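Topology and contacts: notes
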Amino acid sequence: METLEKNQTDIKQLTGAQAVVQSLIEEGVDLIFGYPGGAIMPVYDALYDVDDQLEHVLTRHEQGAIHAAQGYARSTGKVGVCLATSGPGATNLITGIADAQIDATPLVCITGQVASHLLGTDAFQETDVIGISMPVTKWNYQVTKASEIPKAIAKAFYIAKSGKPGPVLVDITKDAQFEASKYQYQPFTGMRSYLPAPQLMSSKVKEAADLINVAKRPFVLFGQGVILSQAEAEFKAFIEKTGIPAGWTILGLSALESDHPLNVGMLGMHGNYAPNKLTNECDVLIAIGMRFDDRVTGNLDKYAKQAKVIHLEIDPAEIDKNVKTDVAVLGNAKESLEALTKLVHPNQHSDWLQRFRTLEQEEYEAVIQNELEPKEETLTMGEVIHQINKASDGKNVFVTDVGQHQMIACRYARFLQSKSMITSGGLGTMGFCLPAAIGAKMGVPDKQVIGIIGDGGFQMTLQELGTIFQSKVPVKIVVLNNEFLGMVRQWQELFFDKRYASTIMVNPDFQTIVKGYGIQTKLVQERSELQSAVQEMLECEDAYFLEVRVGKENNVFPMVPTGASVSEIRLK
Amino acid sequence: MKKRFTISVFTEDVVGILNRVTIIFTRRKINIESIAASESEVDGVHRYTIVITEQEDLVKKVVLQLEKQVEIIKAVYQLDKDIIYQEIALYKVPTNVLASGGEAEKIVRAHFARVLSVEPEFTVLEKTGHKNETQDLFNELEPYGILEFVRSGRVAITKPMRTLKSIITELENN
Ligand SMILES: Cc1ncc(C[n+]2csc(CCOP(=O)(O)OP(=O)(O)O)c2C)c(N)n1
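Conventions we followed
- All chains use their own residue numbering, which begins from 1 and follows the written sequence.
- Chain letters and ligand numbers both follow the written order, the letters beginning at A and the numbers at 1.
- The predicted origin of the model limits local features to residues at a pLDDT of at least 70 and limits the giving and counting of side-chain atom pairs to 80 or more, whereas totals for whole chains, interfaces and linings rest on all residues.
- Heavy atoms throughout the structure, all of them, feed into the side-chain values; hydrogens and water do not.
- Put simply, a salt bridge is a Lys or Arg side-chain nitrogen that is within 4 Å of an Asp or Glu carboxyl oxygen.
- Where helices and strands are cited, they refer to DSSP runs of H or I of at least four residues and of E of at least two residues respectively, numbered from the N terminus.
- Residue burial is assigned from relative accessible area. The probe radius is 1.4 Å, only protein chains are included, and a residue is buried under 20% of its type maximum, exposed over 50%, and partly exposed in between.
- Any N or O atom pair separated by 3.5 Å or less is treated as a polar contact, with the protein-specific requirement of one donor-capable and one acceptor-capable atom, and with residues adjacent in sequence counted only for side-chain atom pairs.
- In this description, contact between two residues means that some pair of their heavy atoms is separated by no more than 4.5 Å.
- Working definition of a nonpolar core: buried Ala, Val, Leu, Ile, Met, Phe, Trp, Tyr and Cys residues. They are joined through side-chain atoms within 4.5 Å.
- An automatic or database domain assignment is the source of the domain bounds shown.
- For two strands to be treated as a pair, DSSP must find no fewer than two bridges joining them.
- Only the contacting stretch of a helix is used when fitting its axis, a line to C-alpha atoms as for every element, and angles between N-to-C directions run 0 to 180 degrees.
- In the cavity and pocket records, a cavity denotes points on a 1 Å grid over the protein atoms alone where a 1.4 Å probe fits but cannot get out, a pocket denotes an open set with protein on both sides within 12 Å along at least 5 of 7 lines, and lining residues are residues with an atom within 4 Å of a point.
- Grid points are joined across faces, edges and corners, and a volume is the space filled by probe spheres set on the points.
- In this classification, the charged set is Asp, Glu, Lys and Arg, the nonpolar set is Ala, Val, Leu, Ile, Met, Phe, Trp, Tyr, Cys and Pro, and all remaining amino acids, among them Gly, are polar.
- Roughly parallel here means an angle under 35 degrees, roughly antiparallel means over 145, roughly perpendicular means 65 to 115, and every remaining angle is called oblique.
- Near residues are defined by distance, with any heavy atom within 4 Å of the molecule or strand qualifying the residue.
- The accessible surface values rely on the Shrake-Rupley method and a 1.4 Å probe; as for residues, cover is taken only from the protein chains in view.

Topic: the pattern of salt bridges
Counted under the stated rule, the structure contains 37 salt bridges over all chains. Linking Glu 27 of chain A and Lys 161 of chain A is a salt bridge whose minimum nitrogen-to-oxygen distance equals 3.5 Å. Residue Glu 27 of chain A is located in the loop between helix 2 (16–26) and strand 2 (31–34), and its partner Lys 161 of chain A is located in helix 8 (residues 149–161); the two are separated by 134 residues in the primary sequence. Across the pair Arg 74 of chain A and Asp 103 of chain A runs a salt bridge, and its minimum N-O distance is 3.6 Å. Separated by 29 residues along the polypeptide, Arg 74 of chain A in helix 4 (residues 62–76) and Asp 103 of chain A in the loop between helix 6 (94–102) and strand 5 (107–113) bring together distant segments of the chain. Judged on exposure class, the residue Arg 74 of chain A and its partner Asp 103 of chain A are both buried. Taken together, the salt bridges that share partners define one network made up of Lys 164, Asp 315, Glu 318 and Lys 321 of chain A together with Lys 68 of chain B.

Quick look at the side chain of Gln 406 of chain A
Residue and element names in this part refer to chain A. Along the chain, Gln 406 falls in helix 18 (residues 404–412). Of note is the side chain of Gln 406, whose polar atom sits 3.2 Å from the backbone oxygen of Ser 424. When sequence neighbours within four positions are dropped, the list of residues in contact with Gln 406 reads Ile 250, Thr 400, Asp 401, Thr 423 and Ser 424.

With respect to the nonpolar core
All names here are of chain A. Formed by 100 residues in total, the largest nonpolar core has its most connected members in Phe 235, Phe 238, Leu 285, Ile 288 and Ile 310. The dominant element in this core, judged by the number of residues it contributes, is helix 16 (residues 350–372), at seven residues. Viewed by domain, this core spans two of them, domain 2 (202–355) and domain 3 (379–549), each represented by three or more residues. Look past the residues within four positions of Phe 238 in its chain and what remains in contact with it is Ile 212, Val 220, Ile 244, Ile 288, Leu 337, Leu 340, Thr 341 and Val 344. Ranked by size, the runner-up nonpolar core spans 52 residues in total, among them Ile 97, Leu 169, Ala 437 and Val 479.

Comments concerning helix 1 (residues 17–26) of chain B
Within the sequence span of helix 1 of chain B, burial applies to Ile 17, Arg 20, Val 21, Ile 23, Ile 24 and Phe 25 of chain B. Structurally, helix 1 of chain B contributes buried residues whose contacts are with strand 6 (139–143) of chain A together with strand 1 (2–12), strand 3 (45–55), helix 2 (56–68) and strand 4 (72–79) of chain B.

With respect to the sheet that holds strand 3 of chain B
All names here are of chain B. Pairing in this open sheet of four strands is antiparallel, and the strands run 2-3-1-4 from one edge to the other. Pairing within the sheet leaves two strands with one partner each, and these edge strands are strand 2 (34–39) and strand 4. Taking the axes of each pair of neighbouring strands and ignoring which way they run, one obtains an average angle of 20 degrees across the sheet. Across the sheet, helix 2 is in contact with strand 1, strand 3 and strand 4; its angle to strand 4 comes to roughly 165 degrees. Packing against the sheet, helix 5 (residues 164–173) makes contact with strand 1, strand 3 and strand 4, and its axis sits at approximately 140 degrees to strand 4.

Some points on empty space enclosed by the protein
Residues and elements named next belong to chain A. Applying the stated criterion across every chain, the model contains one cavity of 30 Å³ or more. The computed volume of the largest cavity comes to approximately 60 Å³. Taken together, Glu 371, Met 381, Gln 404, Ile 408, Asn 482, Val 550, Gly 551, Asn 554, Asn 555 and Val 556 make up the full set of residues lining the largest cavity. In the lining of the largest cavity, the residues fall into four nonpolar, five polar and one charged.

Considerations on the packing of helix 4 of chain A against helix 6 of chain A
Residue and element names in this part refer to chain A. Two numbers describe how helix 4 lies on helix 6: the axes approach to 8 Å, and their chain directions differ by 20 degrees. Classed by the angle they form, the pair helix 4 and helix 6 counts as roughly parallel. Each of Gln 63, Ile 66, His 67 and Gln 70 in helix 4 lies in contact with helix 6, whose residues at this interface are Thr 95, Gly 96, Ile 97, Asp 99 and Ala 100. Of the residues that constitute the contact of helix 4 with helix 6, the class distribution is three nonpolar, five polar and one charged.

Quick notes on the site of the ligand
All names here are of chain A. In the vicinity of the ligand lie 18 residues, with Gln 404, His 405, Gly 428, Gly 457 and Gly 486 positioned nearest. Note that a nitrogen atom of the ligand is positioned 3.3 Å from one of the backbone N or O atoms of Met 430. The separation between an oxygen atom of the ligand and a polar main-chain atom of Gly 457 is 2.7 Å. With the chains in place, 76% of the 580 Å² that the ligand exposes on its own is no longer accessible. Among the elements of the structure, helix 18, helix 20 (455–458) and helix 22 (486–495) are those that each provide at least two residues to the shell around the ligand. For the shell around the ligand, a count of residues per class yields eight nonpolar, nine polar and one charged.

Following this line, the structure appears as structure tokens:
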């Protein structure tokens, strides 16, 4: 009786646009990123009335809006929301949607669409965004009636955040935004065609535990699944009980603190020496919430062939996709780890762990030392990260762009807290960092958020300095300027006879540009200026832009060349 | 080794789902040899029958990626030996070549083809069977002039006894 009455009073007439906004508020959204235009104007108009409940951040480009939503989602663990108009507004979202799809980031993208009677007629700013986004969304849906809106939005949030998260897109025709309809919001609770996480099978957990309990040289690989399922504590309990060394993918980075004794570093192409080498010596490989990306595995024909493989994974389509598994434990990583930890025996693998330490020392002497405390005159990217580490408490959130600086940041940034490395891993989207850092900072305003960008990638979304300026986002931006598209140049040097085809960057004066946006800036060209500049940046209450001129032709090592096996990783 | 597989995909009845199904094939550059869409025995559930020739481990991955789609209820793959399948072919031939007692008439009889329609100018024949059977008829009639020919995608019924209803009931109770 009571609920019935309540429901009756809840039913009100709203326009579709108001229904969109109310539905977002119902879902607990208080911050969205977007850019207006004709086909989404009714929603903007509705936002105007609720700006005390639902803040809208105007970016300078829709790509900026979606990357900001991604940064927000990844720093908070919540669903990121962005808004764009039809046609070019919607197509400008696509790169970010593809990025979120491959990196499993929960996003709800709402696009305006031409009026329903114009669909399919090549109307002004009409694009088939449903068709275009289909390959890169977890789900998408076109709304043509106001009455569909509450359910479509509820379903969108449910799908975006449940199971393996991902981006969803709801395209709403302009007439549906104007139309008035009864509004009643009900959270979406499930559908028969979609099982967010498979039921954990205890027999599989037992099989995995049996393998782990007899392993002599077990090795754990962990990815973002640990973070997405909030399994950081369960993960730590598992490795600590079993004493198994653990290497991470760049999406899994920060799930385990950097200086944990069992953290043996980064996997893959520019990862650490020990975890790559020893992947091909372990006897049991335990992959947790990671998907054996080719950047991690190198040549699959020579990848961990000696090992029995256990895969803890939420997505059945990932099992055996790249690496054949012996035991697949399907389920949410948190539950799987909890169950597994109960069945494994306490252990230590001191000799095996020592192997990692020895190789780590080798890498330190050959690469790391010179990267962090270089002897030559030119500055290195590594020493910049090192200075930031030294001047802070390990609680920074790092956001990176794509290239050499990204690999260096992943390799050397220190972390104490989870969800603190936000990087475009699967898609490798240049231009990701600046807007993602804005979104991250707005998501976790109490944390120090530092974007690390190359001079190339900075210029892909540089316009978002305007967002920092207008919305007063106190984010720290570090451009490591080598006047090259560094990562591509490195490949040209190593594999294309140093033929630097279109990788030289003739850059404008970034200082002048940034000053134009009213942002504090500093340029560092000498080592002697670095420490104080980093200090000043970290202490600054507002946004701060630090440009460091680094060695132009420095390379990132170690490296697993394309086609090589992970154990063929080169130190130089 | 590549073999011929029949993939049955059961989906919710929503706009655009066919596109989501085919994307999984096109992104791996797999050619769809035939596709048939229809309702299933369960209200609101559509089924697609798709034939491809591929390695089994690849087919397995494709099927898992199909099932991963939010609005796909179930996808299964089978070899020809595990299904009962048929295709239907229609042939439009000049009526005069079918004059009684002629060679063409004997061919039609020998193949148990059905006459669907007789017009002064043309006759439409129907033959249901496996592709080689409908093709044989095509080949034999060809010298007499085939004005138009069409063959449907394969439709298939699976041999295992598990019903779609029971699968859906289980999913709905999850
Ligand atoms: C949108 C996009 N275009 C092209 C690339 C290919 N790419 C990868 S790294 C890189 C160079 C990046 O140069 P820069 O931003 O200066 O960073 P650096 O490598 O010098 O640190 C390029 C062009 C990409 N990842 N993304």
